[in-house]
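# Structural overview
Spelled out from the first residue to the last, the chains are:
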Protein chains: 4
Amino acid sequence: MAFQFPQKVLFKHCDPAGIVFYPRYFEMLNDCVEAFFDEVLEMPFETLHATGGVPTAEIATRFHRPSRHGDQLLITLAVTRVGRSSASLSFVAKAGEETRLTAQSTLVLVTADGRSRPWPDATRQKLLDREEARSHET
Amino acid sequence: MAFQFPQKVLFKHCDPAGIVFYPRYFEMLNDCVEAFFDEVLEMPFETLHATGGVPTAEIATRFHRPSRHGDQLLITLAVTRVGRSSASLSFVAKAGEETRLTAQSTLVLVTADGRSRPWPDATRQKLLDREEARSHET
Amino acid sequence: MAFQFPQKVLFKHCDPAGIVFYPRYFEMLNDCVEAFFDEVLEMPFETLHATGGVPTAEIATRFHRPSRHGDQLLITLAVTRVGRSSASLSFVAKAGEETRLTAQSTLVLVTADGRSRPWPDATRQKLLDREEARSHET
Amino acid sequence: MAFQFPQKVLFKHCDPAGIVFYPRYFEMLNDCVEAFFDEVLEMPFETLHATGGVPTAEIATRFHRPSRHGDQLLITLAVTRVGRSSASLSFVAKAGEETRLTAQSTLVLVTADGRSRPWPDATRQKLLDREEARSHET
């Protein structure tokens, strides 16, 4: 039930050492969250951003092993906590069996003027379903 | 004695909500570290990367308040721990008195093939001087 | 026979005006060229860059209409000229029937130390096949 | 009288070949234009974008020689034509005496809904002064 997002390591992601420049990983994670909101929550960013957004409040990331140009990464996103207007997510990026990156983030649903607002009921239920599914998997 | 790095929020940093897109903050932090290695440690990245690098092993970041296009940020970098081949850094980015971002990272000095190697003595001493200075400030 | 590369306009591509920030289009075009080298020329960038590269020597771009977050772009790449060690490409990016961007570029195959080198015969033939196909289409 | 913008080549600009990844040059050019609007035209982007913008309509770029990490670039911007609501600019980026990049662009002043609007008189005069100065220099 975890959401999976494939991402090949492209030329643009890599630095002079031939490995992913770490700020580019955050673009990948953001793309993954954008796809999750679109495909799972049915709350596409392009619609959501007409009336607000979901800024990231915090993110802690560990880069276990470097990723190289051409590597096929698979990013797995799980919902770990659902708050009134926030959600905590965890990410694991692997190349084959090797873990490259793990991260935990919290994002907050806000209005256009930046104040937090509660998840719509349907969205909240979808988030809770994902969280629930996750606890059963563990 | 903390290292300070001014950074105006530019058009390229901002998203459709008119605030800094969070992966861009990591480009700013990387620029700050690159300037610190150049100006304080006298170990410029362009020289260092001929024989290795200083990949970030982990970074935890909290985005306290959004930053807007045109904001004048001041990023303060402090050395919080010096290991044999690693160093821990802390960052605070402020606009005036308002804290926008805080982060703690650990980076590791590596050879060209990615194995950790000890800090050269002179570099280690410079890092320790910074760490020492910081403890006295606190 | 033209190579087609779909690209949704994502949050990361857009600026405070809600439209694609033009430097991000060049990342899209580079991704398109990287996919063309991989899928059509069977010369993946991750292999190619072990021994050289294909730097862009020039590119002229016209932005006909702005693209917005969520737009589904289709980028079409055509080979317009094949030189000894260079190739000229043309790009059209459309959203539905509307042209958003057109570009013409020239890239050059180089060795690791940056000197031009001739296309391998098999690659050259694949480029010529594409160029030929294009003239018949027109 | 030409506007000059220094830009060191940083780690983030460079690709696995150790040279500037060409889409990053367009971020540099955009930063240069943003500084020109702020410092010369006294029309800072952060103010301008409240009511519209200056999207780039076209840009033609030639990459004469690669730039490497650590190179000190100097970007020179000149005004080559002033239209009712548009302006054409030329750019030269050099490292010392060596030309790395030349570009010509046209940008257009637009309202928030994307329609072109005439330059304010004071801005137009500043643009014309720059264009005039340039013809005398040549």
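The structure this text deals with has already been given above.
In what follows, the accompanying structure is described.

Attention shifts here to the overall build of chain A. If you tally the helices and strands in chain A, you get 3 helices and 7 strands. Reading the helices (α) and strands (β) of chain A from amino to carboxyl end gives β-α-α-β-β-β-β-β-β-α. Relative to the compact-globule value of 14 Å for 138 residues, chain A shows a C-alpha radius of gyration of 15 Å, a close match. Each principal axis of the C-alpha atoms in chain A carries an extent, and together these give about 45 × 35 × 25 Å. A burial count over chain A gives 58% of its 138 residues as buried. Summarising the internal contacts of chain A: among those between residues at least 6 apart in sequence, 66% fall at separations of at least 24.

Where interface size is quoted, it is often the accessible area lost as the parts come together. Each partner contributes to the interface: chain B provides 16 residues, whereas chain A provides 16 residues. Summed over both partners, the interface of chain B with chain A comes to about 1700 Å²; 60% of that surface belongs to carbon and sulfur atoms. When the area that chain B buries against chain A is broken down by residue, the three leading residues are Tyr22(B), Phe26(B) and Ile59(B), summing to 28%. Counting across the interface, chain B meets chain A through 2 salt bridges. Arg24(B) serves as the salt-bridge partner of Glu27(A), at 3.0 Å between the closest nitrogen and oxygen. Counting every contact that joins chain B to chain A gives 6 residue pairs in polar contact (both at pLDDT 80 or more). At the level of secondary structure, the elements contributing two or more residues to the side of chain B that touches chain A comprise helix H1 (22-39) and strand E3 (56-63) of chain B. Residues that form the side of chain B that touches chain A fall into these classes: 9 nonpolar, 3 polar and 4 charged. In this sheet, E3(B) lies alongside strand E3 (residues 56-63) of chain A in antiparallel orientation, the contact comprising 5 bridges. Pairing of Arg62(A) across the sheet is with Glu58(B), part of E3(B).

Another aspect to go through is the relation of the copies chain B and chain A. Related by rotation about an axis and a shift along that axis, the two copies of the chain form a pair. The transformation that overlays chain B on chain A combines an axial shift of 0.0 Å with a rotation of 180°, and the residual RMSD is 0.0 Å. Taken together, the turn and the small shift mark the pair as related by a two-fold rotation axis. No C-alpha of chain B lies nearer the rotation axis than that of Ala60(B), which sits 1.9 Å from it.

A few words now on the pattern of salt bridges. Opposite charge on two side chains permits pairing when their charged atoms draw close. Residues and elements named next belong to chain D. If you walk through the whole model with that rule in mind, you get 40 salt bridges over all chains. Among the ionic pairs, Arg-65 bridges to Glu-98, the shortest N-O distance being 3.7 Å. Residue Arg-65 is found in the loop between strand E3 (56-63) and strand E4 (72-82), and its partner Glu-98 is found in strand E6 (residues 98-108); the two are separated by 33 residues along the sequence. Using a relative accessible area of 31% as the deciding quantity, one classes Glu-98 as partly exposed.

Here helix H1 (residues 22-39) of chain A spans 26 Å end to end across 18 residues, near enough to the 26 Å set by a 1.5 Å rise per residue. Here H1(A) lies mainly inside the structure; 16 of its 18 residues are buried.

The next subject is the packing of H1(A) against H1(B). One way to put it is that H1(A) packs onto H1(B) with a least axis distance of 8 Å and a crossing angle of 175°. One finds that H1(A) runs roughly antiparallel with respect to H1(B). Listed contacts from H1(B) to Tyr22(A), Pro23(A), Arg24(A), Phe26(A), Glu27(A), Leu29(A) and Asn30(A) of H1(A) are Tyr22(B), Pro23(B), Arg24(B), Phe26(B), Glu27(B), Leu29(B) and Asn30(B).

This part covers the relation of the copies chain A and chain D. Note on the copies: chain A fits chain D at an RMSD of 0.0 Å, the axial shift is 0.0 Å, and the rotation between them is 180°. The residues that chain A uses at the interface reappear at the interface of chain D in 100% of cases, marking a shared surface.

Looking now at the interface of chain A and chain D. Facing 8 residues of chain A, the contacting portion of chain D comprises 8 residues. Taken together, the connections running from chain A to chain D amount to 0 salt bridges. Taken together, chain A and chain D are joined by 0 residue pairs in polar contact (both at pLDDT 80 or more). When the residues that make up the side of chain A that touches chain D are grouped by side-chain class, the tally is 4 nonpolar, 1 polar and 3 charged.

Taken in spatial order, the 10 strands make up an open sheet running E1(C)-E4(C)-E5(C)-E6(C)-E3(C)-E3(D)-E6(D)-E5(D)-E4(D)-E1(D), and their pairing is antiparallel. The open sheet has two free edges, formed respectively by strand E1 (3-8) of chain C together with strand E1 (3-8) of chain D, since each of these has just one partner strand. Within this sheet the neighbouring strands show an average axis-to-axis angle of 20°, counted without direction. Note that E1(D) and E4(D) share 6 bridges and pair antiparallel.

Thresholds, definitions, all that
Residues numbered from 1 in each chain as written. Chains lettered and ligands numbered in written order. Predicted model: local features only at pLDDT ≥ 70, side-chain atom pairs only at ≥ 80, totals over all residues. Heavy atoms only, no water. Helix = DSSP H or I, 4+ residues; strand = E, 2+ residues; numbered from the N terminus. Rg over C-alpha atoms; globule rule 2.2 N^0.38 Å. Buried < 20%, exposed > 50% of the residue type's maximum accessible area, 1.4 Å probe, protein only. Contact = heavy atoms within 4.5 Å. Buried area = accessible area lost by both parts, 1.4 Å probe. Salt bridge = Lys/Arg side-chain N within 4 Å of Asp/Glu carboxyl O. Polar contact = N/O pair within 3.5 Å; in protein donor to acceptor, adjacent residues only side chain to side chain. Nonpolar A, V, L, I, M, F, W, Y, C, P; charged D, E, K, R; others polar. Pairing = 2+ DSSP bridges. Least-squares fit on C-alpha atoms with pLDDT ≥ 70 in both. Expected span 1.5 Å × (residues − 1). Axes fitted to C-alpha atoms, helices over the stretch in contact; angles between N-to-C directions. Parallel < 35°, antiparallel > 145°, perpendicular 65-115°, else oblique.

In short, the description is geometric, and any link to function would need to be established separately.
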